[in-house]
Amino acid sequence: MIAFENITMRFGGVAAVDRCSFEIPTGKITGLIGPNGAGKTTAFNVIAGHLRPTSGRVLLEGEDITALPAHKRQAMGIARTFQLAHEFHRMTVVENLMVAAKNELGENMLNAIFRPGQCKLQEQAAYDRAMETLRFLEIEQLKDQLAGDLSGGQKKLLELGRALMQHPKIILLDEIGAGVNRTLLGKIAEKIIQLNKERGYTICLIEHDLDYVSRLCDTVIVMAQGTLLTTGTVEEVSRDERVIEAYFGGGKYQEAI
Amino acid sequence: MELSGILFYLISFLIMGGIYSVICLALNMQWGFGGLFNAGIAGFYAVGAYSAAIITSANTPNHVGGFDLPIVVGLVVAGTLSGIVGWAIARICVRLKADYLAMASIGIAEIIRLAVINEEWLTNGSLGVSRIPRPLEEFFTGRESEMVFFVFVWIIVAITFWVAHRLYKSPWGRVMRAIRDNEAAAESVGKDVQSFRTQSFVIGAIFMGVAGALSAHYFKFFSPDATEPLLITFLAWVMLIAGGSGNNKGAVAGALIIWAIWSMTEIITQQLPPDWATRSSYIRMLLIGLFLQFVLQRFRAGLFPEKAPKLNVKSHG
Ligand SMILES: Nc1ncnc2c1ncn2[C@@H]1O[C@H](COP(=O)(O)OP(=O)(O)OP(=O)(O)O)[C@@H](O)[C@H]1O
Ligand SMILES: [Mg+2]
């Protein structure tokens with residue numbers, strides 16, 4: 001379980017996240033929704049360690065990880081994808097995945113120079129796992145393409161694959177479905193459910209399409225203006241007055257239709 | 001010019017071309033793999049050159065030392081000191097984004113360069129360090145010694161290339177390229193970005209120092225004029241960009257081609273009227289700039305673009 005405890009994240013005068021608390025339960029698929037600018041991505045950045053919050057604590061299974069840098073949180077089992085494509089664009093697809101596997105021997109500079117043979121086993125293992133992941137995502141035919149040349153949707157799959165390479169416990173998916181066509185969207189949903197049910201991954205996903213969210217998520221967390229609005233099932237929250245208010249802004253929109 | 005004259009010219013061309021190849025390969029380790037914008041190459045080069053000069057030249061009252069030690073010792077000390085300077089700069093600057101790193105590295109490296117060349121007790125100031133030996137000097141003189149030095153330089157080029165190539169092919173190199181392409185994503189897959197960037201800055205700095213040492217031995221006399229950033233930093237960048245950053249062969253090819261053009265522009269500027277002579281180096285700079293423009297119009301990623309290394313794995317069906 002990840003506990004997001006009373007977090008405030010300020011950028012200059014703006015509090016992108018403002019005294020916000022919520023929990024991501026283990027073994028579930030949790031949605032994080034809210035209007036544009038609600039602070040969802042910022043919350044992910046705080047959980048993954050890309051931002052150090054102004055105040056508040058992040059706990060992983062009860063352990064305070066607020067001060068840990070991002071790369072150490074990855075080692076604790078937190079993997080993520082990004083809202084805007086963050087592929088390694090001058091590397092091939094298979095390299096993009098292989099780099100996410102840990103290769104302690106080959107990533108040591110002196111080994112790399114003097115004992116390149118040492119890392120061979122790990123390299124083979126990383127490659128096999130990368131190919132297996134690409135097959136799982138059904139994009140193995142792209143393996144030798146430069147990641148920068150992929151389409152938007154393919155990049156989303158690539159990032160999901162990169163997250164899977166890390167043997168994570170928790171995967172944070174930031175609008176993995178945005179800009180993806182319906183067929184692929186369905187496929188991604190299938191994969192997410194499969195990952196959760198069969199491999200037991202905890203998943204938290206940010207998504208704007210409420211139908212999509214209701215298909216996938218056990219519970220949703222609703223944020224607005226940097227704070228927690230409510231939590232519950234999609235059914236529950238979509239009836240909540242405050243949620244409607246936050247999404248549609250004071251009823252004007254509803255009057256208009 | 002008779003044949004031996006041409007050969008002799010070619011040898012001296014390849015010696016300087018080789019020294020620039022080392023600098024360029026070193027810059028490729030920093031920028032090509034790691035995306036680290038080092039604008040202070042001349043500083044590392046100066047540290048390496050003066051270290052080697054002081055370590056290997058004969059004792060003199062003009063400056064500290066010389067210690068009259070073997071050339072290999074000088075090379076090791078040059079690389080080590082330059083690497084230590086690189087490490088110190090990396091500790092301060094490596095967190096910065098590329099453009100700020102450029103400014104910080106140029107600032108700090110220039111300070112070091114100016115300090116080194118102005119401390120008379122250390123380096124004899126503008127008078128320079130003289131009587132720097134060349135390898136096997138006691139057996140070969142004149143043109144033969146030049147030949148020996150040519151072989152010596154290209155052995156060092158080969159070693160540098162070998163190191164650069166191994167790094168490029170390794171998982172370490174893959175991590176560096178990932179960091180270069182997207183720092184946040186590299187962190188998110190568990191890479192300690194600062195540590196890797198520091199490593200790549202240091203290994204590059206070491207070889208820049210070694211290149212400085214080579215040039216000190218080649219010139220046999222080393223003075224502040226030889227550390228002119230236009231001649232070192234600017235040219236090295238043009239070489240790498242034209243040759244193809246991220247590609248070690250491109251780094252060497254770029255060094256040789258740009259050095260050839262640079263040498264030819266000297267022939268052109270020699271024909272100019274005398275009152276233009278003072279501006280000649282700027283004219284040469286301009287010509288080189290035009291050439292780079294020409295190359296990049298045609299080949300956006302340089303003459304030898306980066307290629308993903310072949311994976312050292314077996315694929316089963
Ligand atoms: N690095 C930053 N510097 C300054 N302001 C920021 C920064 N990152 C986010 N913000 C601000 O914080 C607020 C929340 O942004 P955030 O990206 O977390 O929203 P979001 O809920 O993910 O929105 P969307 O659904 O549009 O992706 C916005 O007002 C944004 O302008
Ligand atoms: Mg967002």
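Numbers given to residues run from 1 along each chain, matching the order in which its sequence is written. Note on labels: chains are lettered from A, ligands numbered from 1, in written order. Side-chain atom pairs in this predicted model are given and counted only at pLDDT of 80 or more, local residue features only at pLDDT of at least 70, and totals for whole chains, interfaces and linings cover all residues. With hydrogens and water stripped out, all remaining heavy atoms of the structure feed into the side-chain values.

Looking at an unreviewed UniProt entry, one finds chain B named High-affinity branched-chain amino acid transport system permease protein LivM, with Maritalea myrionectae as its source organism. UniProt positions are given in the numbering used here, feature names are shortened, and annotations may be inferred rather than shown by experiment. Under the UniProt heading Subcellular location (unreviewed entry), the entry covering chain B gives this text: "Cell membrane".

By secondary structure assignment, the location of Cys119(A) is in the loop between helix H4 (109-114) and helix H5 (120-136). With eleven residues separating them along the chain, Cys119(A) and Ala130(A) place their C-alpha atoms 16 Å apart. Beyond its immediate chain neighbours, meaning those up to four positions away, Cys119(A) contacts Asn103(A), Leu105(A), Gly106(A) and Pro171(B). For the purposes of this entry, the term helix denotes a DSSP run of H or I that reaches at least four residues, the term strand denotes a run of E that reaches at least two, and both are numbered from the N terminus. Contacts between residues were defined by any pair of non-hydrogen atoms, one from each residue, lying within 4.5 Å.

Moving on, we get to the sheet that holds strand S9 (residues 219-224) of chain A. Residue and element names in this part refer to chain A. Only strands that DSSP links by at least two bridges are regarded as paired with each other. Pairing in this open sheet of six strands is mixed, and the strands run S6-S7-S8-S3-S9-S10 from one edge to the other. At either end of the open sheet lies a strand with only one pairing partner, and these are strand S6 (78-80) and strand S10 (227-232). Recorded for the sheet is a direction-independent mean angle of 20° between the axes of neighbouring strands. Lying on the sheet, helix H1 (residues 40-48) is in contact with strand S3 (29-33), S6, strand S7 (170-174), strand S8 (202-206) and S9; it crosses S7 at an angle near 150°. Only the stretch in contact is used when fitting a helix axis, every axis being a line fitted to C-alpha atoms; angles between N-to-C directions are given from 0 to 180 degrees. Running over the sheet, helix H7 (residues 182-199) touches S3, S7 and S8 and is turned about 150° from S8.

We now examine the pairing of strand S2 (residues 14-24) of chain A. Residue and element names in this part refer to chain A. Bridge analysis of strand S1 (residues 2-11) against S2 gives seven bridges, and the strand direction is antiparallel. Within S2, the position partnered with Ile2 by the bridge is Ile24. What sits between the antiparallel neighbours S1 and S2 is a turn of two residues, in which Gly12 has the positive phi angle 60°.

Looking now at the coordination of the magnesium ion (ligand 2). For the magnesium ion (ligand 2), the full set of protein donor atoms is Thr41(A) (OG1) and Gln83(A) (OE1), and the range of their distances to it is 1.9 to 2.1 Å. Remark: Gln83(A) occurs in the loop between S6 and helix H3 (93-98) and Thr41(A) occurs in helix H1; sequence separation between them is 42 residues. The donor definition counts N, O and S atoms within 2.8 Å of each metal and applies 3.2 Å to Na, K and Ca; water is not among these atoms, so some sites may look incomplete.

Attention shifts here to the pattern of salt bridges. When a carboxyl oxygen of Asp or Glu lies within 4 Å of a side-chain nitrogen of Lys or Arg, that pair is called a salt bridge. Here the structure, examined in full by the defined rule, presents 20 salt bridges over all chains. For Asp181(B), the salt bridge is made with Arg90(A), and the minimal N-O distance between the two is 3.3 Å. Residue Asp181(B) is found in helix H7 (residues 171-181), and its partner Arg90(A) is found in the loop between S6 and H3; the two belong to separate chains. The buried label goes to any residue with under 20% of its type's maximum accessible area, the exposed label to any with over 50%, and the partly exposed label to all in between, with areas taken from a 1.4 Å probe on protein chains only. With relative accessibility at 9%, the residue Asp181(B) sits in the buried group. By relative accessible area, which is 36% here, Arg90(A) ends up partly exposed. Several salt bridges converge on common partners, so that one network encompasses Arg90(A), Glu95(A), Arg177(B), Arg180(B), Asp181(B) and Glu306(B).

Taken together, the contact pairs 38 residues of chain A with 36 residues of chain B. For the pair chain A and chain B, the number of links is four salt bridges. Any N or O atom pair separated by 3.5 Å or less is treated as a polar contact, with the protein-specific requirement of one donor-capable and one acceptor-capable atom, and with residues adjacent in sequence counted only for side-chain atom pairs. Scanning the region where chain A abuts chain B turns up eleven residue pairs in polar contact (both at pLDDT 80 or more). A total of six residues in the side of chain A that touches chain B trace back to one element, the largest contributor, which is H5(A). Gly falls in the polar group here, along with every residue not listed as nonpolar (Ala, Val, Leu, Ile, Met, Phe, Trp, Tyr, Cys, Pro) or charged (Asp, Glu, Lys, Arg). Taken together, the residues that form the side of chain A that touches chain B break down as 16 nonpolar, eleven polar and eleven charged.

It is worth spelling out H5(A) at this point. Helices are assigned an expected span. That span is 1.5 Å times one less than the residue count. With 17 residues, H5(A) should cover 24 Å at 1.5 Å per step; its first-to-last C-alpha distance of 24 Å lies within 8% of that length. Taken residue by residue, H5(A) has Glu123(A), Gln124(A), Ala126(A), Tyr127(A), Arg129(A), Ala130(A), Met131(A), Thr133(A), Leu134(A) and Phe136(A) as its buried positions. On its buried face, H5(A) sits against H3, helix H6 (152-164) and H7 of chain A together with H7 of chain B. Of the residues one or two after H5(A), Glu138(A) is the one with positive phi, at around 60°.

Phi is positive for Glu138(A), which is not a glycine, with a value near 60°. Along the chain, Glu138(A) falls in the loop between H5 and H6. With relative accessibility at 42%, the residue Glu138(A) sits in the partly exposed group. A positive phi angle, close to 65°, is found at Lys220(B), a residue other than glycine. Locating Lys220(B) in the fold gives a position in the loop between helix H9 (193-219) and helix H10 (230-243). Given a relative accessible area of 30%, Lys220(B) falls into the partly exposed group.

All names here are of chain B. Per the UniProt record, "transmembrane region" (unreviewed entry) is annotated on residues 6-28, 35-55, 67-88, 100-117, 147-168, 201-220 and 281-299. For residues 6-28, helix accounts for 100% and strand for 0%, while the C-alpha atoms at its two ends are 31 Å apart. Secondary structure content for residues 35-55 is 71% helix and 0% strand, and the end C-alpha separation is 33 Å.

Residues and elements named next belong to chain B. Topologically, Ser105 is positioned in helix H4 (residues 98-118). With relative accessibility at 1%, the residue Ser105 sits in the buried group. Here Ser105 is in contact with Phe37, Asn38, Ala39, Gly40 and Glu110, once residues within four sequence places are set aside.

Residue and element names in this part refer to chain A. The full set of residues close to ligand 1 is Phe11, Ala16, Asn36, Gly37, Ala38, Gly39, Lys40, Thr41, Thr42, Gln83, Glu175 and His208. Between ligand 1 and the protein, one listed contact pairs an oxygen atom with a side-chain N or O atom of Thr41 at 2.7 Å. At a separation of 2.8 Å, an oxygen atom of ligand 1 approaches a polar side-chain atom of Gln83. Protein chains bury 60% of the 630 Å² of accessible surface belonging to ligand 1 in isolation. In terms of residues, the shell around ligand 1 owes the most to one element, H1, which gives three residues. Counted by class, the shell around ligand 1 contains three nonpolar, seven polar and two charged residues. Definition of nearness: a residue and a molecule or strand are near each other if at least one heavy atom of the residue lies within 4 Å of the molecule or strand. Every accessible area reported is derived by Shrake-Rupley at a probe size of 1.4 Å, with residue values counting cover from the shown protein chains alone.

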